[in-house]
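Okay, here's what each chain looks like letter by letter:
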Amino acid sequence: MVDVSQHKMVPEHSIVDSDEIDEVLAEYDIKSTDLPKIKRTDPALPDDAEPGDVIKIVRNSRTTENAVVYRLVVE
């Protein structure tokens, strides 16, 4: 079976610690529930991701070196 999360086209996904989450939410003046959602069943998520976790996704970008986005894990 293929591990999709290891494919070269899948950007880096990592679970964000609570301190970084607080900084991001304060910067944008939002709650975690305002973040875009990602399903727990998404094969790119780390195996230990649980509903309620915030995931940091680092993608390659044409205009900047990397683009960082955040997603809230939902069931």
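Residues numbered from 1 in each chain as written. Predicted model: local features only at pLDDT ≥ 70, side-chain atom pairs only at ≥ 80, totals over all residues. Heavy atoms only, no water.

Looking at an unreviewed UniProt entry, the protein carries the name DNA-directed RNA polymerase subunit Rpo5, with the source organism given as Haladaptatus paucihalophilus DX253. Its UniProt record gives the protein the following Function (unreviewed entry) comment, quoted word for word: "DNA-dependent RNA polymerase (RNAP) catalyzes the transcription of DNA into RNA using the four ribonucleoside triphosphates as substrates." Under Subcellular location (unreviewed entry), UniProt gives the following word-for-word description of the protein: "Cytoplasm". (UniProt positions renumbered as here; feature names shortened; annotations may be inferred.)

## Let's talk about the sheet that holds strand E2 (residues 37–39)
The strand order E1-E3-E4-E2 describes an open sheet built from four strands, whose pairing is mixed. Two strands in the sheet have a free side with no partner beyond their single neighbour: strand E1 (12–15) and E2. In this sheet, adjacent strand axes meet at a mean angle of 40 degrees when their direction is disregarded. Pairing analysis gives seven bridges linking strand E3 (residues 54–60) to strand E4 (residues 66–74), with the strands arranged antiparallel. Each bridged residue has a counterpart across the sheet, and for Val 54 the counterpart in E4 is Leu 72. (Pairing = 2+ DSSP bridges. Helix = DSSP H or I, 4+ residues; strand = E, 2+ residues; numbered from the N terminus. Axes fitted to C-alpha atoms, helices over the stretch in contact; angles between N-to-C directions.)

## With respect to the environment of Ala 44
Tracing the backbone through its elements, the reader meets Ala 44 in the loop between E2 and E3. Judged by its relative accessible area of 13%, Ala 44 falls in the buried class. Taking the C-alpha atoms as reference points, Ala 44 and His 7, separated by 37 residues in sequence, lie 9.1 Å from one another. (Buried < 20%, exposed > 50% of the residue type's maximum accessible area, 1.4 Å probe, protein only.)

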